[in-house]
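These are the residues of each chain, in order.
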Amino acid sequence: LYGGKVYITYNHVYPDGHRFIRIITNASGDWKHYDIVEVSIPPYNKNGLTANPLFIDPSGRMHISYYKDGDLYYATGILYDALLNYWDWAVADIVDESMIGEGIYTSIVSDAGGNVRISYYDETDGDLKYAQ
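Residues numbered from 1 in each chain as written. Predicted model: local features only at pLDDT ≥ 70, side-chain atom pairs only at ≥ 80, totals over all residues. Heavy atoms only, no water.

Colleague: Mind showing me how you'd approach the overall build of the chain here?
Modeller: The number of helices and strands found in the chain is zero helices and 11 strands. Within the chain, buried positions represent 40% of all 132 residues. About 7,200 Å² of surface is accessible on the chain, with carbon and sulfur atoms providing 53% of the total. (Helix = DSSP H or I, 4+ residues; strand = E, 2+ residues; numbered from the N terminus. Buried < 20%, exposed > 50% of the residue type's maximum accessible area, 1.4 Å probe, protein only. Areas by Shrake-Rupley, 256 points an atom, 1.4 Å probe, with all protein chains shown as cover.)

Below, the structure written as structure tokens:
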């Protein structure tokens, strides 16, 4: 919830098998969904349970962590005009490239200083990890 508007991320699979992270929001007054980034297609994220947590900071910038081709990524973006579907998403950075696997355990928040923190399960190493 930001500025009285709702933002929800989810995975969408097209009939051709391509998967995208989508955001659905009522920022324009009507509920609309937008493709944000294409993510893994099988064999990665085989079970379709990939979570893509979204955090919106006080300035309205969105932060998301997601898996693509077995790697954990972090990206930021902002919705400048919901009526025109005008988004600005920064180039994603790889947080962990250890071929994490299913990619269903990631969480994203910020600390009091506004620094983004990501926790995730590294299936390759069998460890819970924390990135800052």
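Colleague: Would you explain the nonpolar core in this entry?
Modeller: Most often, soluble globular proteins keep nonpolar side chains buried together rather than apart. Among the nonpolar cores identified, the biggest contains 15 residues, and Tyr7, Ile21, Ile23, Val37, Met62, Tyr66 and Trp87 are the most heavily contacted of them. If you list the elements that add at least two residues to this core, you get β2 (19-25), β3 (32-39), β5 (62-68) and β6 (71-81). Sort the elements by how many residues they give to this core and β3 lands first, with four residues. Look past the residues within four positions of Trp87 in its chain and what remains in contact with it is Ile23, Tyr34, Ile36, Met62, Ile78 and Leu79. Listed in part, the nine residues of the second largest apolar core include Phe55, Tyr74, Ile108 and Tyr120. (Core = buried A, V, L, I, M, F, W, Y, C linked by side-chain atoms within 4.5 Å. Contact = heavy atoms within 4.5 Å.)

Colleague: Help me understand the side chain of Arg117, please; the structure alone is not making it clear to me.
Modeller: Along the chain, the position of Arg117 falls in strand β10 (residues 116-122). A residue is classified by how much of its surface remains accessible, and Arg117, at 17% relative accessible area, is buried. Looking at Arg117, its side chain comes within polar contact range of the side chain of Tyr130, at 3.2 Å. Setting aside its immediate chain neighbours within four residues, Arg117 contacts Ser107, Ile108, Val109, Asp111, Tyr130, Ala131 and Gln132. (Polar contact = N/O pair within 3.5 Å; in protein donor to acceptor, adjacent residues only side chain to side chain.)

Colleague: What exactly am I supposed to notice about the sheet that holds β2 here?
Modeller: Each strand in a sheet pairs with another by means of backbone hydrogen bonds, the pair being arranged parallel or else antiparallel. If you walk across this open sheet you meet the three strands as β1-β2-β3, and the pairing is antiparallel. Of all the strands in the sheet, the pair left with one neighbour each is β1 (7-13) and β3. Ignoring which end each strand starts from, the neighbouring axes of this sheet average 30 degrees apart. (Pairing = 2+ DSSP bridges. Axes fitted to C-alpha atoms, helices over the stretch in contact; angles between N-to-C directions.)

Colleague: Hey, could you run me through a nonpolar patch on the surface in this one?
Modeller: On the surface, Tyr105, Tyr121 and Leu128 cluster together into a nonpolar patch covering about 360 Å² of accessible area. In this fold, Leu128 is placed in strand β11 (residues 127-131). Owing to a relative accessible area of 71%, Leu128 belongs among the exposed residues under this scheme. (Patch = residues over 30% accessible without salt bridge, like charges linked within 9 Å, V, L, I, M, F, W, Y side chains within 5 Å. Salt bridge = Lys/Arg side-chain N within 4 Å of Asp/Glu carboxyl O.)

Colleague: Can you help me understand the sheet that holds β11 in this one?
Modeller: Overall, antiparallel pairing links the three strands, which are arranged β9-β10-β11 in an open sheet. Single-partner strands in this sheet number two, and they are β9 (106-110) and β11. Strand-to-strand twist of the sheet, defined as the mean angle between neighbouring strand axes without regard to direction, takes the value 15 degrees. As paired strands, β9 and β10 are joined by five bridges and run antiparallel to one another. Pairing of Ile108 across the sheet is with Ile118, part of β10.

Colleague: Any chance you could explain the pattern of salt bridges here in plain terms?
Modeller: Side-chain pairs of opposite charge can arise where the charged atoms are in close proximity. What the rule picks out here adds up to one salt bridge. Two residues, Arg22 and Asp35, come together in a salt bridge whose shortest N-O distance is 2.6 Å. Of the two residues, Arg22 sits in strand β2 while Asp35 sits in strand β3, which places them 13 residues apart along the sequence.

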